[in-house]
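In case you want the letters, here they are:
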Amino acid sequence: MSGDARVVAVLGPTNTGKTTYAIERMLGHRTGVIGLPLRLLAREVYDRIVALRGPSVVALVTGEERIVPPRTQYWVCTVEAMPEGMGVDFLAIDEIQLCSDPERGHVFTDRLLRARGLHETLFLGADTMRGPIGALVPGVQYIRRERMSQLVYSGQKKVSRMRPRSAIVGFSVDNVYAIAELIKRQRGGAAVVMGALSPRTRNAQVDMYQNGEVDFLVATDAIGMGLNLDIDHVAFSSLTKFDGRRMRPLAPNELAQIAGRAGRGQKDGTFGVTGDVRPLDEGTAQAIMDHRFVPVSKLQWRNHALQFGTIDALVRSLEAPPDHEVLVRAREADDVMALKSLGESAEVVARCTNGPSVKLLWDVCRVPDFRGISHQEHSSLLDVIFRYLHERGSIPNDWMARQIKRIDRTDGDIDAISKRLAFIRTWTYVAQRKGWVDDIDHWRSETRHVEDRLSDALHEKLTQRFVDRRTSVLLRRLGQKEAMVAEVNDNGEVTVEGEFVGKLDGFRFSQDKGTGAAEAKTIKSAALQALAPHFHLRADRFYNAPDTEIDFTEQGGLMWGSSAVGKLVAGSEALKPQVEVFVDDVAGPEVAQKVQRRAQHFIDRKVAALFEPLLNMERDEALTGLAKGFAFRLIEALGVLPRAAVADEVKALDQDARGALRKHGIRFGQFTIFMPLLLKPAPTRLRLVLWSLSKGLGEFPESPPPGLVTIPAMTGAADGVDTMAGYRNAGERAIRIDMLERLADMLRAEDSRGGFEAKADMLSITGMTLEQFAALMTGLGYKAEKGERAKVKPLAAETGDTAEAEVKEDAASAETEAAPEAPATEKPEASEPAPDASDAPEGEQNADTSAEDAPEVEVFYTFTWGRVPAVNRGRPAQGGKPRGKGGQGGKPKGKGKGQRKDGDKGQNFSARPPRKEKAIDPDNPFAAALMGLKDNK
């Protein structure tokens, strides 16, 4: 070292720019080296210098990382990894107050005593080191740097009330994780920074905090070692820590080192406590604010002049006492403990017969215990490494590969990945040692890639567990004055500030179900605030939407496209339903009223269009008396009335009243009185909804599929459902009302007492097979008697009236198709000659002949009226059997009692007076003609 070399102690509290000053001084020299307390900080300083001078002249050397370009001028190292005897122009040691640290202090003390630059040496640290430096370093100069901002004590605060850009400090992994979980639930999430993290993971977490993705940082005391972060407030969740041997309270200067991270540059900072920690006493708080602490009096020291003759000699040299009153012998470190443990092995002792072997053993013992499993486990691993190095000169590639392969997995939780990351640090350290592996570049690269993969996986796991990005973003934007930006896509998915928060269905917001209870309130508040303008825009669109975009469901819901906007509720009358809209309260009364008006307008117009015949009849002032009363009954029944329910009213109507009602399209059917126009699918669908509302049903019946003449019977449903659906239950099937009346017209022409068979037209209009038709007739009150007979094949005459023959053939064909098919005899194809019967045995010939002569059998049904009305036997009960052909008083004309077999009428004697002649049914299509015949008797 030249005689004009400067040794300067740059002392002062945190946030004085000491590290920045050292970097500037180093770059002013041709070569330099700076030692830093953490590899995290070393990486940060390395990146800063590379940005200024480029990567080709800057080296990074830590225990697990080594980047050394060929033209290196500036070395950035951890204090333990600083190369010795380099002869650089400039040398600096940061955080020199760590000389008093029980675990690492002896390393910093050694650099204080022996490390020098050729032209300039800087020792950077707290002002408490002024005395020891002056006692141990002759000719040292002092530079006092003042803090650039104020540090103020703010007392105790709950985490839930902590302001953004705060760091909460814990002193154990469990404590850090618990705080991070709490912040995630209450404030959206936090970044996590611990000394055990790899630089890659730490940088990723810090970047997340620095760029504003999260507003809180949870860290160990690692942040106190010069890491430059944008922190406004530091809160201590504990005031004690485990120093490797015991739990002890933190000294005021240690608290100040951490608290000083608050406030960077000219920006003031605050510090305090949180959780269950008691507030700092006034003296401690004031000492931290004034940067006044008890000076350091003793420095940790360990002999650097080691003896490598034997293991015992090495141990004795390591335990040599210091020769200065300021120095105290460091407590037994991990490397010394490992040396003593391996020194008890006879095999290890046998190998260490000379200086190089003992030095090799010491180098192996200095491998840090990154894994932290147990002292014995660490010693066993070092034993294996030492044996390989002593026997082979290097660690076998296959063994090294197996160790790394077991670690190279990214599955598992945070703890599992953290352990693998600690394990790979051991092999990263080994790979950095010159001569320990065959291909140093390969193994450096391999271990670095595994560490990077594990680091990325750990960052992802930490983020998943401790950060709710969505809540964090929304909370931050809620605290700002600017309006948040919400977007709603075509599927109704809502994003606020780019974060998915839920779906907008019509005018109701349903938030994402994946949120917890704590963040749900934040998400909903932010979403509804951002959606306020969207509600108004959507209401305008809905108000101006055509009716074709709006519809009602069969359960009474109102839909706008695929969005539910309301539901129908019962009004004062069946044809006047009201609307209850689905609009969130936050949308405001103006939006709700607009949606209400448009929805009510839609349903009013829908009722007016589909039930126009009913409404026209209601407004017809020409209807008076009984006709008006009957019209009111039909309007109440929504255009469909079972005749049995109004038999007396129908009987009371005169011809003029019936004619007036028929002008409105009313049909007086045998079973039902209805308006045919209202049986169409659209009115039927709405009628079922309106009827269900008026009946107060919880579940509405579904409308039958359009176009079907018969459907399965509506059993188990509320009374009247079949009528409202436009059908009438008949056994296992229900037949459409209009088709039932057509069938009734056909049945009037049949002899229902003597029995009749189904005609082709009957099967045709019902769309049924003969078996199905028989079941339908049974449901209508007829008896169906099944029989079999030989089928008569219709033959058309070669001459004569061919048209008549064709009609008969068609009718017979229809009946044959309606009945189950009889098995047909298989005939040979035309291309093959039919086998000659004479070639077959005699018995077979007779059998074939018999089969050909056997008649084909067909099934038929004979239908007779099966019900006898209990009252009014002179006419059929309403809804019962149709009046028979020529029958009087409901009795079908046929060969019953009182008639002769030749068809002539027999005499009927009775003492009763002659029965009053029944009036002609005005519903009969031949009523006018019958009246004329009656008048001409």
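For the structure itself, look to the data block above.
About the thresholds
Residues numbered from 1 in each chain as written. Predicted model: local features only at pLDDT ≥ 70, side-chain atom pairs only at ≥ 80, totals over all residues. Heavy atoms only, no water. Pairing = 2+ DSSP bridges. Helix = DSSP H or I, 4+ residues; strand = E, 2+ residues; numbered from the N terminus. Contact = heavy atoms within 4.5 Å. Axes fitted to C-alpha atoms, helices over the stretch in contact; angles between N-to-C directions. Parallel < 35°, antiparallel > 145°, perpendicular 65-115°, else oblique. Nonpolar A, V, L, I, M, F, W, Y, C, P; charged D, E, K, R; others polar. Buried < 20%, exposed > 50% of the residue type's maximum accessible area, 1.4 Å probe, protein only. Phe/Tyr/Trp six-rings, centres within 6.5 Å; stacked < 30°, edge-to-face > 60°. Lys NZ or Arg CZ within 6 Å of the ring centre and 35° of its normal. Left-handed = near helix turned anticlockwise from the far one by under 90°.

### What to know about the sheet that holds strand β8 (residues 141-144)
- The mixed open sheet is built from eight strands, whose spatial order is β4-β3-β5-β2-β6-β7-β1-β8. Looking along the sheet, the strands with just one partner apiece sit at the ends: β4 (66-67) and β8.
- Summarising the sheet, strand β1 (residues 6-11) and strand β7 (residues 120-125) pair through six bridges and their orientation is parallel. The partner of Arg6 across the bridge, within β7, is Glu120.
- Docked against the sheet, helix α1 (residues 18-27) engages β1, β2 (32-36), β5 (74-78), β6 (90-93), β7 and β8, running at close to 170° with respect to β7.

### Considerations on unusual backbone geometry
- For Asn15, which is not glycine, the phi torsion reads 60° and is therefore positive.
- At Arg165, a position not held by glycine, the phi torsion is positive, near 65°.
- One can find Arg165 in the loop between β9 (151-156) and β10 (166-169).

### A few points about the packing of helix α19 (residues 589-610) against helix α20 (residues 612-619)
- Contact geometry for α19 and α20: axes closest at 5 Å, N-to-C directions at 85°. Relative to α20, α19 is oriented roughly perpendicular. Facing Val607, Ala608, Ala609 and Leu610 of α19, the residues of α20 in contact are Glu612, Pro613 and Leu615.
- Per-class residue counts for the contact of α19 with α20 are six nonpolar, no polar and one charged.

### Structural notes on the environment of Gly85
- Counting through the fold element by element, Gly85 comes out in the loop between β5 and β6.
- Residue Gly85 is classed as exposed on the basis of its relative accessible area of 82%.
- Separated by 30 residues in the primary sequence, Gly85 and Ala115 place their C-alpha atoms 8.4 Å from one another.

### Structural notes on the packing of aromatic side chains
- Applying the stated criterion across every chain yields a total of 14 aromatic pairs.
- Centroid distance Tyr861 to Phe863: 6.3 Å. Interplanar angle 15°. Geometry classified as stacked.
- Joined through ring pairs, the aromatic side chains of Phe756, Phe773, Tyr782, Tyr861, Phe863 and Trp865 make up one cluster.
- A cation over a ring is seen here: Arg508 above Phe582, with NZ or CZ 4.1 Å from the ring centre.

### A closer look at the packing of helix α15 (residues 414-432) against helix α16 (residues 440-466)
- Between α15 and α16, the shortest axis-to-axis distance is 9 Å and the interhelical angle comes to 160°. One element, α15, and the other, α16, form an angle in the roughly antiparallel class. Our pair here, α15 against α16, has a crossing hand that is left-handed.
- Tallied by class, the residues present in the contact of α15 with α16 amount to 14 nonpolar, five polar and six charged.

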